[in-house]
Amino acid sequence: MIGRLLVLEGIDGCGKSTQLKHLEKWLPNSGLMPKDAKLHLTREPGGTDLGLALRQLLLHPPGEVSPEPLSELLLYAADRAQHVSQVILPALNNGDWVVSDRFSGSTLAYQGYGRRLDLEVIKDLEKIATAGVVPDFTIWLDLPASRSLARRDSLPNDRIEAEGLNFLERVSDGFSVIAKSRNWLKIKADQSPREVSTSIENELLKAFNFRAPL
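The numbers attached to residues start from 1 for each chain and follow its sequence in the written order. Per-residue local features of the predicted model are confined to residues with pLDDT of at least 70, and side-chain atom pairs are confined, for both listing and counting, to 80 or more; whole-chain, interface and lining totals are unaffected and use all residues. Calculated side-chain values reflect all of the structure's heavy atoms, with hydrogen atoms and water omitted.

S.K.: With reference to specific residues and values, describe the environment of Asp-190.
M.R.: Relative to the helices and strands, Asp-190 is located in the loop between β5 (185-188) and α8 (193-207). Any residue under 20% of the maximum accessible area for its type is buried, any over 50% is exposed, and the rest in between are partly exposed; the area is computed with a 1.4 Å probe on protein chains only. The exposure class assigned to Asp-190 is partly exposed, which follows from its relative accessible area of 34%. Contact partners of Asp-190, with chain neighbours within four places excluded, come to Asp-142, Leu-143, Arg-147 and Arg-151. Only DSSP runs of H or I covering at least 4 residues are called helices, and only runs of E covering at least 2 are called strands; the numbering of each starts at the N terminus. We call two residues in contact whenever any of their non-hydrogen atoms come within 4.5 Å of each other.

S.K.: Describe in detail the sheet that holds strand β1 (residues 4-9), supporting the description with residues and values.
M.R.: Being paired, for any two strands, means DSSP has found at least two bridges between them. Read across the sheet, five strands follow the order β2-β3-β1-β4-β5 without closing on themselves; strand pairing throughout is parallel. If you trace the sheet from one side to the other, it starts and ends with β2 (39-43) and β5, each paired once. Averaged over all pairs of adjacent strands, the angle between strand axes in this sheet comes to 20°, irrespective of strand direction. Bridge count between β2 and strand β3 (residues 97-101): five bridges; the pairing is parallel. Bridging across to β3, His-40 finds its partner in Val-98. Geometry is summarised by axes, namely lines fitted to C-alpha atoms with helices restricted to the contacting stretch, and by angles between N-to-C directions that run from 0 to 180 degrees.

S.K.: For the packing of helix α4 (residues 104-114) against helix α7 (residues 165-181), give the residues involved together with the corresponding values.
M.R.: The N-to-C vectors of α4 and α7 enclose an angle of 130°; their axes lie 8 Å apart at closest approach. As summarised for this structure, α4 and α7 are arranged oblique, according to the angle between their axes. The two elements α4 and α7 meet at a crossing, and its hand is right-handed. Contacts between α4 and α7 involve Gly-105, Ser-106, Leu-108, Ala-109, Tyr-110, Tyr-113 and Gly-114 from the former and Phe-167, Arg-170, Val-171, Gly-174, Phe-175, Val-177 and Ile-178 from the latter. Here the nonpolar group is Ala, Val, Leu, Ile, Met, Phe, Trp, Tyr, Cys and Pro; Asp, Glu, Lys and Arg are the charged ones; every other residue, Gly included, is treated as polar. A breakdown of the residues in the contact of α4 with α7 according to their chemical character gives nine nonpolar, four polar and one charged. Our angle categories are set so that under 35 degrees counts as roughly parallel, over 145 as roughly antiparallel, 65 to 115 as roughly perpendicular, and the remainder as oblique. Each helix crossing is assigned a hand: it is left-handed if the near helix lies turned anticlockwise from the far helix by less than a right angle, otherwise right-handed if that turn is clockwise.

S.K.: Provide a residue-level description of unusual backbone geometry, including the pertinent values.
M.R.: In this model, Glu-44 is joined to Pro-45 through a cis peptide bond whose omega is -10°. Residue position: Pro-45 is located in the loop between β2 and α2 (49-59). Within the chain, Ala-131 stands out as a residue other than glycine whose phi angle is a positive 50°. Its place among the elements puts Ala-131 in the loop between α5 (119-130) and β4 (137-142).

Dropping the structure here:
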């Protein structure tokens, strides 16, 4: 029995962390998961011990030493390769379910559309780093870039979040293009957290063709 991989994607401030916690409670009781399957919650970057070190380098580099765009891309690919090998594949092969806060779509959006790196190079790296692993479903929490900045106004920014509105708008446009091309489940994130959770539940039930017993 092969497990399932679900991914939450979207720009910073879209509510991924909140919805990850909701899925942690809802999925095991949803009727979708086999009773003997475990649920694993993870994230990128930072889903492994190595990934935590890479996350620090990427988001909070020491002093003035920030990675160049290409170096940044390669660090994200290294994080993903370790994540897939050490966390995701073992869980899937065991028949378990995995929900990840970000996956390869974020790299394409942020480094491709945001940093304007070569999209084909990014896709080639994606194939290598994921070892053929493709999410069963990706949930895109669609939030306007201006709302993202407003939500995070009083919070400290990491290196990526500090890039500003123009960068974030390019990332948001990238997510829109990727979501259409990869048939992601689009959820409007400018609703209340409860409304977003309900929308996610309904979309997943439809996506898995689930019918509740009468």
